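# Summary of the model geometry
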Amino acid sequence: MKVLLYILIIFGISANLFSAERFISKNGHIWFYSKTPLEVIEAHNNQVASVIDPAKNAIAFNVIIKSFKFERALMEEHFNENYMESEKFPKSTFSGQFVGFDPANFKKDGKYNVSIEGNLTIHGVTKKIKQNGTIEVKGNQIIAKSKFNIKPEDYGIAIPALVRDKIAANMEINVDITYTLSN
Amino acid sequence: MAKKKTKIIIFVVLLFILISAGIGLFMFYQPVKDYANSGADISMNVSKLISEFQNNEVEANKKYVSSNDVIQVNGILKEIINNPDGSISLSLVEKPDDSDKISATLDKTFNSKAKGLQIGSKITIKGQCTGYQELIDKEVIMIRAGIVE
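Quick summary incoming for the structure in this document. What you see is a predicted model, and the numbers here were worked out from it, not measured in a lab. (Residues numbered from 1 in each chain as written. Chains lettered and ligands numbered in written order. Predicted model: local features only at pLDDT ≥ 70, side-chain atom pairs only at ≥ 80, totals over all residues. Heavy atoms only, no water.)

Residue and element names in this part refer to chain A. In the structure shown here, the tally under the stated rule is 13 aromatic pairs over all chains. With a centroid separation of 5.3 Å and an interplanar angle of 75°, the aromatic rings of phenylalanine 98 and phenylalanine 106 are classed as edge-to-face. Phenylalanine 106 matches phenylalanine 98 in its accessibility class, with the two residues each being buried. Within the aromatic cluster, the residues linked to one another by ring pairs are Phe32, Phe68, Phe70 and Phe79. For lysine 35, the ring lying beneath its charged end belongs to tyrosine 33, and the centroid distance is 4.7 Å. (Phe/Tyr/Trp six-rings, centres within 6.5 Å; stacked < 30°, edge-to-face > 60°. Buried < 20%, exposed > 50% of the residue type's maximum accessible area, 1.4 Å probe, protein only. Lys NZ or Arg CZ within 6 Å of the ring centre and 35° of its normal.)

Look at asparagine 57 of chain A: it is not a glycine, yet its phi comes out positive at around 55°. Mapped onto the fold, asparagine 57 of chain A is located in the loop between strand E2 (40-53) and strand E3 (58-64). Classification of asparagine 57 of chain A by relative accessible area gives buried; the value is 11%. One non-glycine residue, asparagine 68 of chain B, lies in the positive phi region at around 55°. Residue position: asparagine 68 of chain B is located in the loop between helix H3 (57-66) and strand E2 (70-82). Take asparagine 68 of chain B: its relative accessible area is 24%, and that puts it in the partly exposed class. (Helix = DSSP H or I, 4+ residues; strand = E, 2+ residues; numbered from the N terminus.)

On to the packing of helix H2 (residues 46-55) of chain B against H3 of chain B, then. All names here are of chain B. Contact geometry for H2 and H3: axes closest at 6 Å, N-to-C directions at 135°. By the criterion of interaxial angle, the relationship of H2 to H3 is oblique. The residues of H3 that touch H2, namely those facing Lys48, Leu49, Glu52, Phe53 and Asn55, are Glu57, Ala60, Asn61, Lys63, Tyr64 and Val65. For the contact of H2 with H3, the class distribution of residues is five nonpolar, two polar and four charged. (Axes fitted to C-alpha atoms, helices over the stretch in contact; angles between N-to-C directions. Parallel < 35°, antiparallel > 145°, perpendicular 65-115°, else oblique. Contact = heavy atoms within 4.5 Å. Nonpolar A, V, L, I, M, F, W, Y, C, P; charged D, E, K, R; others polar.)

A word on the nonpolar core. Core analysis: the biggest nonpolar cluster contains 42 residues, and Phe61, Phe98, Ile135 and Tyr179 of chain A have the highest contact counts within it. Each residue touching tyrosine 179 of chain A, except ones within four places of it in the same chain, is listed here: Phe23, Ile24, Ser25, Ser50, Val51, Ile52, Ile59, Phe61, Asn140, Gln141, Ile142 and Ala144 of chain A. Grouped together as the second largest cluster of nonpolar side chains are 29 residues, Leu117, Ile125, Met142 and Ile147 of chain B included. (Core = buried A, V, L, I, M, F, W, Y, C linked by side-chain atoms within 4.5 Å.)

All right, on to the sheet that holds E3 of chain A then. Residue and element names in this part refer to chain A. Read once around its circumference, the closed barrel built from eight strands follows the order E1-E2-E3-E4-E5-E6-E7-E8, with strand pairing classed as antiparallel. Strand after strand, the sheet turns through a mean of 25° between neighbouring axes, direction not considered. Note: E2 against E3, five bridges, orientation antiparallel. What sits directly across from valine 51, in E3, is alanine 60. (Pairing = 2+ DSSP bridges.)

To continue, consider the environment of glutamine 30 of chain B. Tracing the backbone shows glutamine 30 of chain B in the loop between helix H1 (2-29) and strand E1 (42-45). In this structure glutamine 30 of chain B comes out as partly exposed when scored by relative accessible area, which is 33%. The residues touching glutamine 30 of chain B, leaving out its near neighbours within four places in the chain, are Arg72, Ala73 and Leu74 of chain A.

All quantities given are derived from atomic positions and should not be read as evidence of function.
Structure, rendered in structure tokens:
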């Protein structure tokens, strides 16, 4: 009985160790464009935190809204105060799974097309989304890239009629994150 | 006489339009504040800023993030990280063994100064505080930062 207990404990510990092996990044790059004939607006966030957990085939993001950098002060102010309301909703998060992806590939060098499904929270509104991207496995590194569109109105972000034709109906979101293996 | 009055009025109106347009353009194109080189609004040690976020994130966000103040912190340099975009981030802790930290990305003009820094030494930085997260480590995030000493 005691032996069984020891075996269980050892297995328990090793299972924990395995799930503790994950790929992390704290300097991921997410940027967006709003393109209209009148104006192109872009902002970059180079402090995105993200984790890939191979054991669970899972991926999570944490994006601090205030870390988006604009060229002009006024745009940054409007983005934070009028649209994203970053004092009320300081973070945007995503938590989801790789769909139809063999987690064994996380250990095999190569470039893979992937599909991710999960919950995206922006401006306090959570939506289930499914997006495509690529991941490139290079030894202990993973480079993940994706590009997709988001409609501000879907997340309860109201854009006044006065500036409506200066802000695109679809924001182009770009993701470029280099993960390193962490034990 | 009336003609002269009209001329003056037109001149004043034009001047007013020109000045407002100038102010408008100035405000519209004004670049973001140079946090790394501006005088500090608030100064404290690393543990104070971290504990304020851990005790009440909503309040700390109001005080240090939404205020757009230049925040100056002093602590011990734990890590120097080279980011993919060519910038450098510093991890500051209160005591060498602490895991809770401030992660500050330097303004690129401070890259050369960062190369001379010693891990484990005392450091003071200032910059823009953008928030708190604990997805990987428990950390307060700063950007647009400069090295004070």
